[in-house]
Amino acid sequence: MTQTTADVPSLNTSDGVGCHGGKDEMRRAAAAAGKSETLDRYAADYPVGPHDQPQSMCPAFGSLRVGLRMRRTATVLSGSACCVYGLSFTSHFYGAKRSVGYVPFNSESLVTGKLFEDIRDAVYQLADPEKYDTIVVTNLCVPTASGVPLQILPPEINGVRIIGIDVPGFGVPTHAEAKDVLAGAMLRYARQEASQGPVQAPRAGRSERPTVTLLGEMFPVDPVGIGMLLEPLGLAAGPTVPTREWRELYGALDCAAVAAIHPFYTASVREFHAAGRKVIGSAPVGVDGTAAWLDAIAEACGVSAALVGAAKDRFLPLIKATLTKSPIKGRITLSGYEGSELIVARLLIEAGADLRYVGTACPRTPWSDPDRQWLEAHGVRIQYRASLQQDIAAVEEFKPDLAIGTTPVVQHAKQLAIPALYFTNLISARPLMGVAGAASLAQVVNAAMANKSRFDAFRDFFEGVGEGDTAGVWEDVPEDHPEFREQVRRQMARAAAKRKSEEMG
């Protein structure tokens, strides 16, 4: 990690708007500091109901990841040192190969406006058109709550575009939706550029056929598979948003239609609608999903029924044969925070799985409705904005042969001797679309379910060693002290009541 200005002490704000001020207090402070419009837009784009924010990683990781994966793009974070360290560590753990810029601050520079001046100076130092097309500056929680006005940074310096965004944990619910915050901001900038005159063509040149832009990060094979599905329709797969290079944004906007493979990109959809593009939900997964998706694409792009029929005749039998060849037999619960949970669920069911529950950290949107309707018709319970407690409750209720979920869900299932797979690395990081997707899940899912006997052996071997506060090596049998728990419970209840009274007073 590099620091783009001189070191100053870490944050210890004196006005109460610090890391430990609490989400509600930081939201109020941000609104008072002029961020009401931004927070209101996030509340509309990323609604949190039916309960509060799901438990997942810092949302800013999503937008940081998008910037770090783009060519000729510099990323700069403005936030508490501990947050920047954690985000930098996580980004490099997931394969980032470039530095993360950091503008540090203390109480004085935050409240006097010096922090904004430091950010502006850092951006001017970085703005080298020989190295960068774009610089992305991100406010984390404390600078957002303090109203650091990134929107008044120059839109470009020396020909380098400047994108300033706020990604506070108290305003953006998940890291998946933070990807949309940056992708939407970039699309808006690129759309304005395109409206003013000629722009750069894609690196590989413009497609001779009308294109379908793909919305949402996916396994690299999937755009190729989608392109194969589109070819009989006289169409081609366009860029995938978030893009890997700025010039691809122009190609993404220059499309016949947009396929919202991941349905939570609300800000990006708004930009495509502003450009006059139709947006299609769902994805070409399984037989039913592929057939419905081809129909929707054809309707949006004015493709004849004859061409759609020919495409179905070509691909649907192959997908069906692949699913039949490698069936999945067993009860499954599924949860995750990537946004692709519903389309994975569809694929599992078409492969023969007895899927009972799908939990996703993302919200319900119009572009997930086709998948929701199909899953509900197949008896699946869907929980949008799922909490960890709801995901774990589903595992305990349905007692699946396999639990697919986030790390703590997997841990809980394995403690119950239930085979489990981590959704992000072992399921979503595979082909899902078309023929390749039909063949991708059966092997890993069936292999995991076949390990049930091993989990039973582990459970039996470690039976009686204790768990929770009785785990470990003891000279005597540990004694339970419920009175201690009750004392702590009462203390916590009094502290919570006091905080509530102070907030209302």
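Chemist: Could you clarify how one ought to interpret the overall build of the chain in this entry?
Modeler: Broken down by element type, the chain carries 21 helices and 15 strands. Its C-alpha atoms give the chain a radius of gyration of 25 Å, within 12% of the compact-globule value 23 Å for 505 residues. Residues classed as buried in the chain amount to 52% of the 505 residues present. Contacts in the chain between residues far apart in sequence, at least 24 positions, make up 74% of those at least 6 positions apart. A total accessible area of about 23,200 Å² is found for the chain, and carbon and sulfur atoms account for 53% of it. Within the chain, the 56 negative side-chain charges are centred at a point lying 4 Å from the centre of the 51 positive side-chain charges.

Chemist: I'm lost on the packing of aromatic side chains in this one. Help?
Modeler: Within a pair of aromatic rings, the relevant descriptors are the distance that separates the centres and the angle that separates the planes. Within this structure, the stated rule accounts for 4 aromatic pairs. Between Phe264 and Tyr265, the aromatic rings sit 4.7 Å apart at their centres with planes inclined by 25°, giving stacked as the arrangement. For the pair formed by Phe264 and Tyr265, the shared burial category is buried.

Chemist: Please clarify how the state of the cysteines should be interpreted in this entry.
Modeler: Defined simply, a disulfide is a covalent bond joining two cysteines at their sulfur atoms. Under the counting rule described, the total for this entry stands at 0 disulfides. We note that Cys58 lacks a disulfide partner, and the nearest cysteine sulfur, in Cys141, lies 6.5 Å from it. Owing to a relative accessible area of 39%, Cys58 belongs among the partly exposed residues under this scheme. In this model Cys83 remains outside any disulfide bridge; the closest cysteine sulfur is found in Cys82, 4.1 Å from its own. A relative accessible area of 32% places Cys83 in the partly exposed class.

Chemist: Just checking my understanding: could you explain the pairing of strand 6 (residues 160-166) for this structure?
Modeler: In the case of a regular strand, side chains alternate between the two sheet surfaces. For strand 6, a buried count of 6 out of 7 residues is recorded, marking the element as mostly surrounded by other parts of the structure. Where strand 4 (residues 134-139) meets strand 6, 6 bridges bridge the pair, whose relative direction is parallel. The partner of Val137 across the bridge, within strand 6, is Gly164.

Chemist: Hey, could you run me through the nonpolar core in this one?
Modeler: As a rule of thumb, soluble globular proteins bury nonpolar side chains together. Core analysis: the largest hydrophobic core is formed by 61 residues, its most contacted members being Leu348 and Val445. Excluding anything up to four places from it in sequence, Val445 contacts Ile328, Ile332, Leu348, Leu402, Leu421 and Ile427. One finds Val84, Leu140, Ala183 and Phe264 within the second-largest nonpolar core, a separate group that totals 48 residues.

Chemist: Explain the sheet that holds strand 7 (residues 211-215) here, please?
Modeler: Neighbouring strands of a sheet are bound in pairs by backbone hydrogen bonds; such pairs are parallel or else antiparallel. Taken in spatial order, the 4 strands line up as 8-7-9-10 in an open sheet, and their pairing is parallel. On the outer flanks of this sheet lie strand 8 (236-241) and strand 10 (279-280), each paired with one strand and no other. Relative to strand 10, strand 9 (residues 257-259) runs parallel, the two being bridged by 2 bridges. For Ala259, the partnering residue across the bridge sits in strand 10 and is Ile280. Contacts from helix 10 (residues 266-274) reach strand 7, strand 8, strand 9 and strand 10, with the element oriented near 160° to strand 7.

What counts, and where the lines are drawn
- Within each chain, residue numbers correspond to sequence positions counted from 1 in written order.
- This being a predicted model, a pLDDT of at least 70 is required before a residue's local features are given, and a value of 80 or more before pairs of side-chain atoms are given or counted; all residues contribute to the totals for chains, interfaces and linings.
- To get the side-chain values, take all heavy atoms of the structure and skip hydrogens and water.
- In this text, helices come from DSSP runs of H or I with a minimum length of four residues, and strands from runs of E with a minimum of two, each type numbered from the N-terminal end.
- Each radius of gyration is computed over the set of C-alpha atoms, and the globule rule expresses the reference value as 2.2 Å times the number of residues to the power 0.38.
- Burial status follows relative accessibility: with a 1.4 Å probe on protein chains alone, a residue under 20% of its type maximum counts as buried, one over 50% as exposed, and anything between as partly exposed.
- The contact criterion used throughout is that any non-hydrogen atoms of two residues lie within 4.5 Å.
- Areas reported here follow the Shrake-Rupley algorithm with a probe of radius 1.4 Å; residue values treat only the protein chains shown as occluding.
- Charged-residue counts in this description rest on Lys and Arg as positive and Asp and Glu as negative, His and the chain ends being excluded.
- Positions of charges follow a simple convention, taking NZ of Lys, CZ of Arg, CG of Asp or CD of Glu.
- Stacked, tilted and edge-to-face are the three classes applied to pairs of Phe, Tyr and Trp rings, where Trp contributes its six-membered ring and a pair requires centres within 6.5 Å; stacked means planes under 30 degrees apart, edge-to-face means over 60, and tilted covers the rest.
- We call a pair of cysteine sulfur atoms a disulfide whenever their separation is within 2.5 Å.
- Only when DSSP finds a minimum of two bridges between them are two strands counted as paired.
- Take the buried Ala, Val, Leu, Ile, Met, Phe, Trp, Tyr and Cys residues and link them wherever side-chain atoms come within 4.5 Å; each set so joined is a nonpolar core.
- For helices, the fitted line uses only the C-alpha atoms of the stretch in contact; every axis is such a line through C-alpha atoms, and the angle between N-to-C directions lies from 0 to 180 degrees.

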